Amino acid sequence: MDTDVLKKWLNAGVVNKGMLQATEEGTPQGGVISPTLANLTLDGLESQLKKHLGIKRSGRLKVNVVRYADDFVITADSPEVLEKEVRPWVEQFLVLRGLELAKSLLLTRSFFDQPGTAKALIAVGNIRPTKAMK
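Residues numbered from 1 in each chain as written. Predicted model: local features only at pLDDT ≥ 70, side-chain atom pairs only at ≥ 80, totals over all residues. Heavy atoms only, no water.

If you check an unreviewed UniProt entry, the protein appears there as Retron-type reverse transcriptase from Azomonas macrocytogenes. Database annotation for the protein, UniProt heading Sequence similarities (unreviewed entry): "Belongs to the bacterial reverse transcriptase family." (UniProt positions renumbered as here; feature names shortened; annotations may be inferred.)

Right, here's the structure in full:
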């Protein structure tokens with residue numbers, strides 16, 4: 001994705017009732033273009049993450065990525081794997097695309113404490129442009 005074109009497009013403004021209005025920050029939450037931009041930007045997240053961790057190792061760690069519209073969820077078998085290995089890699093993946101995690105919407109939770117089941121979750125409800133992209 002050409003970040004210069006994207007930046008210009010996001011800052012181009014909108015026409016509302018015949019009047020041009022400036023846009024301050026990207027697209028509105030729930031805006032119709034937001035899922036499309038997120039999918040273009042997040043393309044490769046799962047495959048590159050698994051390549052980074054190693055395909056066999058990511059399977060053993062139960063690392064999975066689920067994307068829906070402009071959200072994504074990453075699961076693993078422990079909070080430590082998510083916090084120490086997955087999250088820093090995801091943050092770098094996003095920085096290279098001019099984005100960052102919206103920290104206020106980031107969750108890491110343990111669940112299903114039965115042996116052999118996923119025990120942790122990162123849920124990201126929002127990504128936003130970094131200050132350099134604005």
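Trainee: I'd like a description of unusual backbone geometry, backed by residues and values.
Mentor: The phi angle at lysine 17 is positive, at roughly 55°, despite the residue not being glycine. Tracing the sequence through the fold places lysine 17 in the loop between strand E1 (14–16) and strand E2 (19–21). Positive phi outside glycine occurs at lysine 62, with the angle close to 55°. A relative accessible area of 31% places lysine 62 in the partly exposed class. (Helix = DSSP H or I, 4+ residues; strand = E, 2+ residues; numbered from the N terminus. Buried < 20%, exposed > 50% of the residue type's maximum accessible area, 1.4 Å probe, protein only.)

Trainee: Quick rundown of the pairing of strand E4 (residues 71–76)? Include the residues and the values.
Mentor: Here strand E3 (residues 64–68) pairs with E4 via five bridges, running antiparallel. The residue of E4 that forms the bridge with asparagine 64 is threonine 75. (Pairing = 2+ DSSP bridges.)

Trainee: Residue-level account of helix H2 (residues 34–42), with values.
Mentor: Those residues of H2 that fall on the buried side of the exposure criterion are Ser34, Leu37, Ala38, Thr41 and Leu42. For H2, the buried positions fall inside an angular range of 120° around the axis, keeping them on one side. Immediately beyond the C-terminal end of H2, within one or two residues, lies glycine 44, with a positive phi of roughly 95°. (Arc of directions from axis to C-beta.)

Trainee: Got a sec to walk through the pattern of salt bridges? Specific residues and values, please.
Mentor: Proximity of charged atoms lets side chains of opposite charge pair with each other. According to the stated counting rule, one finds four salt bridges in the structure shown. When the shortest N-O distance is used, the salt bridge between glutamate 46 and lysine 50 registers 3.3 Å. A residue pair is termed a helical-turn pair when its members lie 3 or 4 positions apart in one helix, as glutamate 46 and lysine 50 do in helix H3 (residues 45–53) at four residues. Linking arginine 87 and glutamate 83 is a salt bridge whose minimum nitrogen-to-oxygen distance equals 3.2 Å. Placement of the pair is arginine 87 and glutamate 83 together in helix H5 (residues 79–95), with a separation of four residues, close to one helical turn. According to the relative accessible area criterion, glutamate 83 is partly exposed, its value standing at 32%. Residues joined in a network through salt bridges with shared partners are Glu83, Arg87 and Glu91. (Salt bridge = Lys/Arg side-chain N within 4 Å of Asp/Glu carboxyl O.)

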